[in-house]
Amino acid sequence: MYNIGIIGIGFLGGSLAKSLSKSKKVKSIIASDKNINSLKKAYSDGVITDYTLDINEKFSDCDIVFICTPVSYIVEYVKKIKKVIKKDCIITDTGSTKKTILEETKKINVEFIGAHPMIGSERSGYETSKDLLFENSYYIITKSKKNSEEAVEKLKELILEIRAIPIIIDADKHDYITSVISHIPHIVASALVKLVKTSDDEAETMKTLAAGGFKDITRIASSDPVMWENICVENKGEILNSLDRFIEILENFKKQISSRDKLYEYFDSSKKYRDSFINRKINGNTMPELNVSIKDENGAIAKITTILSENNIGIRNIEVLNNRENNFGALRIVVRTYEERDLGYDIIKNLGYDIVKIN
């Protein structure tokens, strides 16, 4: 069984504590945070077994320590925790940038494994944390030559305990990927909010009417500004390169806006690529999927998901299609295994639904 340490008991750290506290492989969880109220609440909730405001001997028996702070503080905490942990303790983090952190921690004689749960949220603080946050989400591990296989396997074991999907990616590749799929979207969301703010009239008509799609696409602009300031500083190079490519796409669109054919191609190619996102891959393997045609009526989706649940078929992802232009499906369901896909297909098919197996 593992003794766990968590530094930073906010949204991510709190969710880790809540999830790990349910694992039979976890013996104890010691947490540290600057917010005493968060620590007391986590303790009263029963998700941590002890807490401290400082990094001290309470961490001495930890087998793995998770650092869940803004990225600019991670190396500092690695140095602090090194003074009190046992020799074979594993230190990991949840930061969304990796290259600089790994370069700095290489200078420190500890078993540090850079990691990043791919969890997007505008929320912050322990009160917003939840125990199922990591379920079916990717949890990136940036393994280095310095890391032992045993240490990486232990971390993977705990990641599986919180029902996340561990995936190993090189640190440079990680920072490049997250600049495109995480950091630029946040910058764009913030820019769109600023566009409305600077374009609106005194009656704030735009602000009043902004709903639906605008709120969806700008939701992440409500995220913690301190965290995002740190991210932009730490991943400056990759963000600037990705911004250049994004600006080039927008500049090309400006040139093509007078051409109807070009506009259709622009939107159509993006639509088709976005429609394929649900069919994710793990370590190069496409995930099994069912496409079910359902009627537009109350309880239609609930009926399908209940049928799958009653037959112990786990749903990894689900998406409702807003149109039926394809020959199949209005409901896309990604399941855990091909055996479950085949079982689900037979059950739903026998109930009279139009259903197609994918992959």
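From a predicted model like this one, the values you see are computed outputs, not experimental measurements. In every chain, residue numbers begin from 1 and rise along the written sequence. Given that this is a predicted model, residues contribute local features only at a pLDDT of at least 70 and side-chain atom pairs are listed and counted only at 80 or more, while totals for whole chains, interfaces and linings are drawn from all residues. Side-chain numbers here rest on the full set of heavy atoms in the structure, without hydrogens or water.

1. Regarding the sheet that holds strand β8 (residues 165-168)
Being paired, for any two strands, means DSSP has found at least two bridges between them. Helix and strand assignments come from DSSP, with helices taken as H or I runs of at least 4 residues and strands as E runs of at least 2, each series counted from the N terminus. Pairing is mixed in the open sheet, where eight strands are placed in the order β3-β2-β1-β4-β5-β6-β7-β8. Each edge of the open sheet is held by one strand with a lone partner, namely β3 (50-52) and β8. Here the strands of the sheet are splayed against their neighbours by 25° on average, with no regard to which way each runs. Where strand β7 (residues 138-142) meets β8, four bridges bridge the pair, whose relative direction is parallel. Across the sheet, the residue bridging to Tyr 138 is Ile 165, located in β8. Contacts: residue pairs with any heavy atoms within 4.5 Å of one another. Here an angle of 0 to 180 degrees is reported between the N-to-C directions of two axes, which are lines fitted to C-alpha atoms, with helices fitted over the stretch in contact. Relative to strand β4 (residues 64-67), helix α3 (residues 74-82) is tilted by about 150°, and along the sheet it contacts β1 (2-7), β4, β5 (90-93) and β6 (111-117).

2. A few points about the sheet that holds strand β11 (residues 289-293)
Taken together, four strands build an open sheet; the order of strands is β12-β13-β11-β14 and the sheet is antiparallel. In this open sheet, the two strands that pair with only one neighbour each are β12 (315-320) and β14 (354-358). Averaged over all neighbouring strand pairs, the angle between strand axes comes to 20°, with direction disregarded. Across four bridges, the pairing between β11 and strand β13 (residues 331-335) is antiparallel. By the bridge assignment, Val 292 is partnered in β13 with Leu 331. Across the sheet, helix α13 (residues 338-350) touches β11, β13 and β14, and the angle it forms with β14 is around 170°.

3. So, the state of the cysteines
Cysteine sulfurs are considered disulfide-paired once they come within 2.5 Å of each other. For the structure shown, the criterion picks out zero disulfides. Not engaged in a disulfide, the cysteine Cys 62 finds its nearest cysteine sulfur in Cys 89; these two sulfurs lie 5.9 Å apart. For Cys 62, a relative accessible area of 2% corresponds to the buried category. For the exposure calls, accessible area comes from a 1.4 Å probe over protein chains only, and a residue counts as buried if that area is under 20% of its type's maximum, exposed if over 50%, partly exposed in between. Cys 89 sits in the buried class, given a relative accessible area of 1%.

4. Remarks on the confidence of the model for the chain
Per-residue confidence from the predictor is reported as pLDDT, which spans 0 to 100. In the predicted model, the chain carries a mean pLDDT of 88, and the fraction of residues at 70 or more is 94%. Looking over the chain, one finds the lowest element-wise mean pLDDT in strand β9 (residues 281-282), namely 54, and the highest in β4, namely 98.

5. Here's the deal with empty space enclosed by the protein
Of the grid points, spaced at 1 Å and generated over the protein atoms alone, those admitting a 1.4 Å probe that cannot get out make up cavities, while open sets with protein on both sides within 12 Å along at least five of seven lines make up pockets; any residue with an atom within 4 Å of a point is treated as lining. Grid points are joined across faces, edges and corners, and a volume is the space filled by probe spheres set on the points. Summed over all chains, the structure comprises two cavities of 30 Å³ or more. Computed from the structure, the largest cavity encloses a volume of approximately 60 Å³. Around the largest cavity sit Leu 102, Thr 105, Lys 106, Val 110, Phe 112, Ser 144, Lys 146 and Asn 147, which together line it. All amino acids are sorted into three groups, where Ala, Val, Leu, Ile, Met, Phe, Trp, Tyr, Cys and Pro are nonpolar, Asp, Glu, Lys and Arg are charged, and the leftover types, Gly among them, are polar. Per-class residue counts for the lining of the largest cavity are three nonpolar, three polar and two charged. In this structure, the second largest cavity spans a volume of roughly 30 Å³. Looking at the second largest cavity, the residues that line it are Asp 63, Lys 86, Asp 88, Cys 89 and Lys 154. Residues of the lining of the second largest cavity, tallied by class, amount to one nonpolar, no polar and four charged.

6. Here's the deal with the nonpolar core
Remark: nonpolar core denotes a set of buried residues (Ala, Val, Leu, Ile, Met, Phe, Trp, Tyr, Cys) joined through side-chain atoms within 4.5 Å. Among the nonpolar cores identified, the biggest contains 34 residues, and Ile 4, Ile 6, Ile 9, Leu 20 and Phe 66 are the most heavily contacted of them. Here the element with the most residues in this core is helix α5 (residues 149-161); it accounts for five residues. Contacts of Ile 9, omitting those with residues within four sequence positions, involve Gly 14, Ala 17, Ala 31, Ser 32, Asp 33, Ser 38, Leu 39, Ala 42, Ile 48 and Tyr 126. Counting residues in hydrophobic clusters, the runner-up holds 25 residues, among them Ile 55, Phe 59, Ile 67 and Ile 101.

7. Brief notes about the side chain of Asn 291
As for its placement among the helices and strands, Asn 291 is situated in strand β11. Pairs of N or O atoms are called polar contacts if they sit within 3.5 Å, as long as, within protein, a hydrogen donor faces a hydrogen acceptor (for residues adjacent in sequence, only side-chain-to-side-chain pairs). Here Glu 289 takes part through its side chain, which lies 2.6 Å from a polar atom of the side chain of Asn 291.

8. With respect to the pattern of salt bridges
When a carboxyl oxygen of Asp or Glu lies within 4 Å of a side-chain nitrogen of Lys or Arg, that pair is called a salt bridge. In total, this model carries 19 salt bridges according to the counting rule given. Glu 76 serves as the salt-bridge partner of Lys 80, at 3.3 Å between the closest nitrogen and oxygen. On the criterion of helical spacing, the pair formed by Lys 80 and Glu 76 is a turn pair, its members being four residues apart in helix α3. For Glu 76, a relative accessible area of 37% puts it in the partly exposed group.

9. Examining unusual backbone geometry
Positive phi, close to 55°, is recorded for Glu 204, a residue that is not glycine. The residue Asn 312 is not glycine, and still its phi comes out positive at about 60°. Turning to its location among the elements, Asn 312 is positioned in the loop between α12 (300-310) and β12. Judged by its relative accessible area of 60%, Asn 312 falls in the exposed class.

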